[in-house]
Structures are given as C-alpha cells and as structure tokens.
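So you can see what is in the structure, the chains are spelled out below.
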Amino acid sequence: MFDNLNTSEIIRLFAPLIIIQLGLMIFSIYRLTKDKVKFLPKWAWLIIIVLGEILGPLMFLIIGREKE
C-alpha cells in the first residue's frame with residue numbers, strides 16, 4: 001500500500017493524525033488535573049491516556065470524568 005511513497009510523503013500523510021492524537025492527549029491530561037474521576041484513580045487514567053493512543057483519551061473524556 002505504501003510501497004510507492006517515500007518517507008516524507010508518509011510523514012505528511014500521518015501528520016494530521018499525529019497532531020490530533022497529541023492535542024487530544026494534552027487536553028485529556030489537563031482535564032484530568034482539573035476534574036474528579038470515576039472508576040479508576042487518577043494515576044491509572046494517566047496511564048490509559050498516555051498509552052491508549054486515541055482511544056485512551058476518548059475513554060477518559062467520555063466515561064472517566066464525573067459529570068457535575
């Protein structure tokens with residue numbers, strides 16, 4: 001699939017996904033410091049956010065925060 005692409009073209013192809021992932025991770029870590037959490041302690045949510053690629057931050061934002 002990527003046989004005909006050189007390295008710079010592959011980087012340009014995945015750059016938007018990498019930027020979205022990093023932005024979502026940074027925002028989720030910021031919200032983790034400000035919000036109360038449910039189901040797991042904050043340190044466990046931090047591990048899920050950092051190691052969970054895109055799904056980890058989304059899981060935290062959807063089910064990990066307490067609604068006020």
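Residues numbered from 1 in each chain as written. Predicted model: local features only at pLDDT ≥ 70, side-chain atom pairs only at ≥ 80, totals over all residues. Heavy atoms only, no water.

Draft legend 1. Quick peek at the packing of helix α1 (residues 7-34) against helix α2 (residues 42-51). Where α1 contacts α2, the axes come no closer than 10 Å and their chain directions differ by 175 degrees. Looking at the two axes, α1 sits roughly antiparallel to α2. For the pair α1 and α2, contact is made by M25, S28, I29, L32 and T33 and by K42, W45, L46, I49 and V50, respectively. For the contact of α1 with α2, a count of residues per class yields 7 nonpolar, 2 polar and 1 charged. (Axes fitted to C-alpha atoms, helices over the stretch in contact; angles between N-to-C directions. Helix = DSSP H or I, 4+ residues; strand = E, 2+ residues; numbered from the N terminus. Parallel < 35°, antiparallel > 145°, perpendicular 65-115°, else oblique. Contact = heavy atoms within 4.5 Å. Nonpolar A, V, L, I, M, F, W, Y, C, P; charged D, E, K, R; others polar.)

Draft legend 2. α1, seen in detail. If you check α1, its first and last C-alpha atoms are 39 Å apart, about what 28 residues at 1.5 Å a residue would give, namely 40 Å. Among all positions of α1, only Q21, L24, M25, S28 and L32 are buried. For α1, the secondary structure elements touched by its buried residues are α2 and α3 (55-64). (Expected span 1.5 Å × (residues − 1). Buried < 20%, exposed > 50% of the residue type's maximum accessible area, 1.4 Å probe, protein only.)

Draft legend 3. Geometry of the side chain of D35. Its place among the elements puts D35 in the loop between α1 and α2. A relative accessible area of 11% places D35 in the buried class. A polar side-chain atom of D35 sits 2.5 Å from a polar atom in the side chain of R31. Contacts of D35, omitting those with residues within four sequence positions, involve K42 and R65. (Polar contact = N/O pair within 3.5 Å; in protein donor to acceptor, adjacent residues only side chain to side chain.)

Draft legend 4. Representation of the nonpolar core. L24, M25, L32, V37, W45, I49, F60 and L61 together form the largest nonpolar core, which totals 8 residues. Considering each element in turn, this core owes the most residues, 3 residues, to α1. The contacts of I49, once residues within four sequence positions are left out, are M25, S28, I29, L32, G56, P57 and F60. (Core = buried A, V, L, I, M, F, W, Y, C linked by side-chain atoms within 4.5 Å.)

Draft legend 5. Summary view of the pattern of salt bridges. Applying the stated criterion across every chain yields a total of 2 salt bridges. One salt bridge connects D35 with R31, and the closest N-O pair in it is separated by 2.5 Å. Of the charged contacts in the structure, one is a salt bridge between D35 and R65, with a shortest N-O distance of 2.9 Å. Of this pair, D35 sits in the loop between α1 and α2 while R65 sits in the segment after α3; the two residues are 30 residues apart in sequence, bridging distant segments of the chain. Look at the salt bridges and you will find they share partners, linking R31, D35 and R65 into a network. (Salt bridge = Lys/Arg side-chain N within 4 Å of Asp/Glu carboxyl O.)

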